Structures are given as C-alpha cells and as structure tokens.
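Coordinate inspection notes
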Amino acid sequence: MTALDTLFPTEEQIPPGVRLPAYLEQREYLVGGELRTWAGELNPVASPVFVRTPEGLKQKVIGATPLLTSRESLDALAAAVKAYDSGRGVWPSLKVAERIEHVERFLTAMRTQRTAVVNLLMWEIGKTQPDSEKEFDRTVDLIVETIRALKELDRTSSRFVQDQGIMAQIRRAPMGVALCMGPYNYPLNETFSTLFPALLMGNTVV
C-alpha cells in the first residue's frame, strides 16, 4: 500500500459508521413557520475530502442547498417582524415555561440525529470525528444550560425587591428580531449558541 492509498481511501475502505450519507438535495427553506420549496438554482456543497476511484482522486459532493436571493431574505425578515408584532406575537407572548417546553421538544428530536449531524460535520468541514462529536455534545449541553439559567432567572424575576423604600418587580422582555449566523468552523455550536438564548427570551430569529 502506498502513501497515497493511506491518505485517500476508496469508498469501500471508509468505515460504514462514518461514510457520507446519501446525496442531500435540500430544496426546502423555512419562512414564517412554513416550509417552502425552492425551484431555482442550487449551490453544490463540496467536501474537502477526496476519495480514490479508478479514475483517480475525486472530491466528494455532499449535496446542494437553495441558492436563495435577496427576495427570499427579505421575505424571511418580514415574516420574523410579523411574528414578533412589536412584542404582541404568539411566540413573544408565550409564558417562559411554554417556550422552554417547545425548545425541550426540539432538543429531544435533535439528540436522535447525533450520528447524522456528526458525520455531516466531518465531511463538510473536515473535522475529526472526536471534534465533531464534541461540537454536537457541547451544543446540546449549552441548550440545557441556557434553559436552566432561564428557569433561575424567571424565578428571580418573580420576586419583589425593595430599594430605598420602593418595592418593585423586575421583568425582562424580548428585544425583537435577531439575526443569527454561524461561522464555517463551528457551524452548529456558534449558530445555536446565539439562536436558542434569543428564542427562549421570546425574540423571533432570522
């Protein structure tokens, strides 16, 4: 076996547990709680990983995502503004416990996708398996800790405080519409570390 064979295995030599999932053509995108189907051009997602084939080294293509335009971006923004409705929308009007319940249901579903997400992180950005697993687990822990912190904050806010003869109750309100973007090297963790605190506090998010 040559050095090239060691660096660039064939598809059959890749352990089944970490092989690239089937080609993923993502045409759906979420706007205002509705999954819309994109009929336009797609943007191919190429992996930095190459595999050895009879024709030589071949770069793996994971799939494709919608090549959305400014129109779709503005639609998403308008939907988020409408959903917030100056703080009167359904989501910002929910009780803290109700928002937590929704996020906990998402978290339960997210945990079932651990293997798929870890593999996609490995193939899409070239992370090692331990680093990809660490990113996923750290993200789950962060959401759990954010929920715990919000419960404590809500308990504290329910109490009355007295200062200089004035009795008051401090209540925290959402700010509005938030934009959450993740970097290339930590796409899951950095996106969710801003997304879920914003959502849990009652903001709507693009």
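Now for a quick tour of the structure. Please read all numbers here as calculations on a predicted model, not as lab measurements.

Focus: the pattern of salt bridges
- All told, the structure shown has eleven salt bridges when counted by the stated rule.
- Among the ionic pairs, Asp 85 bridges to Arg 88, the shortest N-O distance being 3.7 Å.
- Taking the relative accessible area as the measure of exposure, Arg 88 reaches 58% and is therefore exposed.
- Glu 145 is paired through a salt bridge with Arg 148; the nearest N and O atoms lie 2.7 Å apart. Taken together, the positions of Glu 145 and Arg 148, both in helix H6 (residues 129-157) and three residues apart, correspond to about one turn of that helix.
- Residue Arg 148 is classed as partly exposed on the basis of its relative accessible area, which comes to 45%.
- Put simply, Glu 34, Arg 36 and Asp 75 are held in one network by salt bridges that share partners.

Considering helix H4 (residues 96-111)
- When the terminal C-alpha atoms of H4 are compared, their 23 Å separation across 16 residues agrees well with the 22 Å that a helix rising 1.5 Å per residue should span.
- Three or more residues of H4 are buried, namely Val 96, Arg 99, Ile 100, Val 103, Leu 107 and Met 110. On an axial view of H4, the arc spanned by its buried residues comes to 95°, and they lie on one face. Residues Ala 97 and Thr 108 are exposed on H4 and point more than 90 degrees away from its buried face.
- Of the surrounding elements, those touching the buried residues of H4 are helix H3 (90-93), helix H5 (114-125), H6 and helix H7 (187-200).

Definitions and limits used
Residues numbered from 1 in each chain as written. Predicted model: local features only at pLDDT ≥ 70, side-chain atom pairs only at ≥ 80, totals over all residues. Heavy atoms only, no water. Salt bridge = Lys/Arg side-chain N within 4 Å of Asp/Glu carboxyl O. Buried < 20%, exposed > 50% of the residue type's maximum accessible area, 1.4 Å probe, protein only. Helix = DSSP H or I, 4+ residues; strand = E, 2+ residues; numbered from the N terminus. Expected span 1.5 Å × (residues − 1). Arc of directions from axis to C-beta. Contact = heavy atoms within 4.5 Å.

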